[in-house]
Each structure stands twice: as C-alpha cells, then as structure tokens.
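Residues per chain are reported as follows:
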Amino acid sequence: MDRAGVLDGADVLVVGERVAAVGRFLEAPPEAVEVDARGGILMPGMVDTHRHMWQALLRGLGADWTLGQYFTFFYLDHGAVFRPEDIHAGNTLAALEALDAGVTTTLDWSHGLRTPEHADAAADALGAVPGRFVLGYGNLAGAPWEWARSSGFRSFVERRAGEFEGVQLAFDVTGEPGFPERAAFEVARELGLRVTTHAGVRGATNDDGMRLMWEHGFMTPSVTYVHAATLSAEAYRWIASSGGHVSVSAESELNAGQGYPPTWLLRRYGIPVSLSVDSGAWFSGDLFAAMRATVSADRGRAHLEAHREGETLARNALGVREVVHWATVGGGRALGLDVGVVAAGAPADLVLVKNDRSPAMFPVLNPYGHLVFQAQRGDVHTVVVKGRVVKYEHRMLNVDIEAARAAVLASVEHVRAAVGEDAWREAGGWGSAGSRGGAGGSGGAGGSGSAGERRVESPYTYRGDV
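Residues numbered from 1 in each chain as written. Predicted model: local features only at pLDDT ≥ 70, side-chain atom pairs only at ≥ 80, totals over all residues. Heavy atoms only, no water.

Draft legend 1. Representation of the sheet that holds strand β9 (residues 223-227) in the model. Reading across the sheet, the nine strands line up as β11-β10-β9-β8-β7-β6-β5-β4-β12 and stay open at both edges, with parallel pairing between neighbours. Bordering the open sheet on either side are β11 (273-275) and β12 (278-279), each of which pairs with just one other strand. Across four bridges, the pairing between strand β6 (residues 132-137) and strand β7 (residues 166-170) is parallel. Bridge assignment links Gly136 to a residue of β7, and that residue is Gln168. (Pairing = 2+ DSSP bridges. Helix = DSSP H or I, 4+ residues; strand = E, 2+ residues; numbered from the N terminus.)

This is the structure we're talking about:
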C-alpha cells in the first residue's frame, strides 16, 4: 500500500533507514535479507497521535469508567502516587505494546511528569525501545503557565529533545477569561515546539478556550486538537482555516463521554484527521481497534440520521481507505513528520500484516477493508522501524519482556498499596457489597456480583435530559 493505493504483488527494497524502491519484480541485492510477504498486506507503519503511555501500567483498571471517574482517579486522588520508576515501567510497556501492534510512531501525551525526574524516566523508557516517539510534555498536577516556564522544563528540552522525533507541549486550555495558558503558548513559540491539547471535551474544555486561542493568534498548523467532539461550527472553522489537525480517539469518546467522535464534522469542514488510542487504563491500545471504532461511529451516526428522516442511505460516505490513511499518513502529517507512507525515499517504517494460521486472514480481496474489519494486532507478522526489523514472524526481537513484566508488576504493587485496597477495588469495579460503585457498582468488572450484593449507581451517572 503506497501513496497511490494498492500495488498487487509488488516488492519493497529497504537500504539503510529508507525505502530505496517500490515496484514489481525488483532485483534484490545479494546481501539482502528477504521477507516473504505473499498472502499478506505490506502497509506503512501506523501513527498514534495521542497515547497516555504511563497509564498503560494500569491496563484495563478503568474499563467501566466514565470521564469523570478517570479525572477523579488520576487528577484528584491518585496521580501523585506515581514515582519516576512507575512512569518508566508504564512507558516501556506502552511502547512495546505499540510496536507489537504495528504502531511505529507514537506521541506520548505524557501528563504525569510532575518533576524533572519523572520526565527523565519517561524519556529513558522511550529511548530503550526501537520505535519512533514524540514526547508531549505535560503535568496534570501543575499549571502549564508555570511548569512550561520552569528551568526544569527548559533544561529537559535542551538536554533531551534530540532523542525524539520531537517534543511538544501537552496542556489544556480551560477558557478562563484571563487566558493564563498564553504563557505556555509563548514558550512553545519561543522554543519552536508544537502543541497538543484536549479540546471540545464535554465538561472540561469548550469554545471559550478555542476563542481565546484564536483571538490571541495561537491557532496554527502546529497545534493538534485531541477529541474536538463538542465544538461549535465556528470553532471547527477556526481549526480548518488555521491548518490545525484533530486526533480522534473513537473508543474513548464513545465509552467515556468526551462527546461523539467528530469525524463526520471534520470531513464537512475539511479538517485533517489522525487516530489515537488515548489510555491503556481504559481501552484497546492498538489502531486496528481505533480504525474499527472510528468507521463504525461515523457510519452508525449517518444511518441513524437517515432513518430519523425516513430515508435509507444508498452508500457509506466514509470509506475504509480514508480511515486507514488517518491511521498512517494522517498521523504523520499531524506530527509534522514524513512517516505513514510507503514510497521510494520515505523512511523505512513498514508493517507486514500476515497470519497463515488464521482463517480470518485469507483471502485478502480488499486490503483496506481487511485492515479495518478483519485484522488485529495478533496478525502483525513483521515490523520495521528506521530500516531495522524489530518484529519478525509474530515475535518481538531483542526485547526483554520478562524484565518489562517484572518492572510493571512491581509498580502496580506500589500503586495499589499507595491507593489503598478499598479505593483500588472500587476503581476496578469489584468493591465490597454496598460500596459506592466506582465502575458501575459492586457487581464486578464483568457486571456480575455474588449473591447478596446490591448494585449501586456510579456517582457520575447523569439523570434527565442531558
């Protein structure tokens, strides 16, 4: 799959860190290592533009959470218990998971960086995994107009920015009339850094923040708006006219409540789209699931709208090819990187999706449709990043999974002890009978409880016509 579309039976030659040639019947140099891709799909490495990598440490803990419960756990109650070594363990796990699933470039929306030591730990973890990473530097415990101007942040950028595909400022604009976030934007402008911000999130960020950014000249092509699900037509026009990008996390938006995935609106206004997985504490952690959730949300809404009007759609407006492009080249453009394509001269970031043991992986008649609806992370056969093979025949190469597992389990043990057993069990949804349901009640993570338990409603359940 190259810039022009699908090439049936073509070869790709990689020399060094770049693609040297794409075409049929290429001559392989005598020293070349050949990978048989017949029966599979060779695609660009996928690009995730918004992943809170440190939170992979708590994989699945918040499977039943709403956005309010997520905020309560990480922002209000327990985010401060994460030590630098816990950030390192979470980032390592998330980075390995991304590569294993064919995501070769990831923006780490790292808002757990409460101290310079936390930031160095995040950087160390990403540097030890052979993928491409952009570090979105954030601090959910501090004010961006303060930490962005701190000597610790500037020192980090000076010391470590060269280790990544880029460093961005990751913070949100609350819409306070005084626009205190202006200072953080000014730092980004001074240092030549891009900005990533959660925008259009119900109950958190809205048009007020967008208006302040627009009026002060901080809506530019170097800004990525994450979610952007509850904005006005005027705000979408601002994003479009400024050249900004939107990162859609459809699994998150559908399950947590930021707002409905806005791809139908973004297409209407001509706003470039990329995809992301958000947080491993909640969701799948791979872009196959993200693509599937995105196309299903967009098409499902279109069909429902038509049915309300007594009509039936003759064809789907959103095609699978466009969704695959959002997961690849769309992400590269949002990050300002020439990744997400297969073409001569392009970076050699490649993913072979092939699984001869799976009856779901043949025949491949529509490669785009197959990637969106049939393939999954277990079908990723080979991953190449910067010309280096990092996964082959479904196995990660030169990776110490057991060391990563030991670090993660030690950090989970620490976080669980620091949170406290009652709060931990409540957060996971399997608290004792009669406890306030942190994840939909005491019925357990799977929704079933033992005899005598009573279900209690989440404190964040909305009533009435909301």
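Read on, since the account is not over.
Draft legend 2. Quick peek at the packing of helix α2 (residues 84-100) against helix α3 (residues 116-127). Across the interface, α2 lies against α3 with an axial gap of 8 Å and an inter-helix angle of 25°. By the angle class used here, α2 and α3 are roughly parallel. Like other packed secondary-structure pairs, α2 and α3 cross with a definite hand, here right-handed. Packed against α2, whose contacting residues are Pro84, Ile87, His88, Asn91, Thr92 and Ala95, the element α3 presents Glu117, His118, Ala121, Ala122, Asp124, Ala125 and Leu126 at the interface. (Axes fitted to C-alpha atoms, helices over the stretch in contact; angles between N-to-C directions. Parallel < 35°, antiparallel > 145°, perpendicular 65-115°, else oblique. Left-handed = near helix turned anticlockwise from the far one by under 90°. Contact = heavy atoms within 4.5 Å.)

Draft legend 3. A look at the pairing of strand β14 (residues 380-385). Along β14, six of the six residues are buried, which leaves the element largely enclosed by surrounding structure. Examined bridge by bridge, strand β13 (residues 350-353) and β14 share four bridges and lie antiparallel to one another. By the bridge assignment, Val353 is partnered in β14 with Val380. Connecting the antiparallel pair β14 and strand β15 (residues 388-392) is a turn made up of two residues, with Lys386 showing a positive phi of about 55°. (Buried < 20%, exposed > 50% of the residue type's maximum accessible area, 1.4 Å probe, protein only.)

Draft legend 4. Here's a closer look at the nonpolar core. Ranked by size, the top nonpolar core spans 111 residues in total, and within it Leu58, Tyr225 and Met291 carry the most contacts. Top element by residues in this core is α2. It accounts for eight residues. Formed by nine residues, the second largest nonpolar core is a distinct cluster that contains Ala170, Leu335, Leu337 and Val339. (Core = buried A, V, L, I, M, F, W, Y, C linked by side-chain atoms within 4.5 Å.)

Shape descriptors only; they carry no functional weight alone.
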